[in-house]
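Each chain is listed here by its residues.
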Amino acid sequence: AGEGTVLTFVPNVLLQAGVHCTITVAKSAKSGAGIPLVAAVTFSFEVESPTLTVAASLANNATDVVLRPRLALTFSRGMDLQTVLTGLSLRNTDLGSTVPQVSALSVDRKTLFLEPTLTAASPYQLELAAGLQAADGVALSQRLRVTFETIADPLDTEAPIIQADP
């Protein structure tokens, strides 16, 4: 790969998802050093839809979750806090009640931190709705649902007693 062997195309308009594009570079095109192509070059591509993905710091079906966890939802694109909070729910599934939480968004707006106060030995469900949009308008195509259960007895702090057989 010598100088002038890479050609970069930057469209001056937004390419629409699903569109088939073909680019042809004529044989008369020359490198920065003035060397012409041996033959015309043609290539095609399909414009893909931009995606928004999200991952949770807590595994689905986790057990023994502490009562004051610091949960993180990490997005592939920058988010708007109010938009995320509109599509977010955390509820105690036994009681059917929504759990209030303290929320903060990272500086790059890609990680949402949640700090709820939970009840012992209770099942919960954290859900992000499909259609939730990133700051640039790209939507989450599938909902995220994480279910988990909290520790049974937060006051049980004694280590188990292990006895050896005589």
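Since we're looking at a predicted model, the values are computed, not measured. (Residues numbered from 1 in each chain as written. Predicted model: local features only at pLDDT ≥ 70, side-chain atom pairs only at ≥ 80, totals over all residues. Heavy atoms only, no water.)

Points about a nonpolar patch on the surface
Applicable threshold: In this scheme, patches are assembled from residues that exceed 30% relative accessible area and form no salt bridge. Like charges are connected within 9 Å, while nonpolar side chains (Val, Leu, Ile, Met, Phe, Trp, Tyr) are connected within 5 Å. In these tables, accessible area is a Shrake-Rupley quantity obtained with a 1.4 Å probe, and a residue counts as shielded only by the protein chains included in the view. Within this document, salt bridges are pairs made up of a side-chain nitrogen of Lys or Arg and a carboxyl oxygen of Asp or Glu, the two lying within 4 Å of each other. Helix and strand definitions here come from DSSP, where helices need a minimum of 4 consecutive H or I residues and strands a minimum of 2 consecutive E residues; each element is numbered from the N-terminal end.
Residues Leu7, Phe9, Val13, Leu15, Val41, Phe43 and Phe45 make up a contiguous nonpolar surface patch of about 590 Å² in total accessible area. Mapped onto the elements of the fold, Leu7 is located in the segment before β1 (20–25).

Regarding the confidence of the model for the protein chain
For the record, the criterion: On a scale of 0 to 100, pLDDT captures the predictor's confidence in every residue.
Put simply, the protein chain has an average pLDDT of 85, and 89% of its residues get 70 or more. Within the protein chain, no element has a lower average pLDDT than helix α1 (residues 81–86), which sits at 85, and none a higher one than strand β10 (residues 123–128), at 96.

Remarks on the sheet that holds strand β5 (residues 71–75)
Using the following cut-off: Being paired, for any two strands, means DSSP has found at least two bridges between them. Lines fitted to the C-alpha atoms define the axes, with helices restricted to the stretch that makes contact. Angles between their N-to-C directions range from 0 to 180 degrees.
Spatial strand order, β3-β5-β9-β8: four strands in an open sheet with antiparallel pairing. The sheet terminates laterally at β3 (54–56) and β8 (101–105), the two strands that pair on one side only. The average angle at which neighbouring strand axes cross in this sheet is 20 degrees, direction not considered. As paired strands, β8 and strand β9 (residues 111–116) are joined by five bridges and run antiparallel to one another. The residue bridging Gln101 from the neighbouring strand is Pro116, located in β9.

Looking at the sheet that holds β10
Strand order across the open sheet formed by five strands is β4-β11-β10-β6-β7, with mixed pairing between neighbours. Across the chains shown, the open sheet's two edge strands, defined by having one partner strand only, are β4 (62–65) and β7 (97–98).

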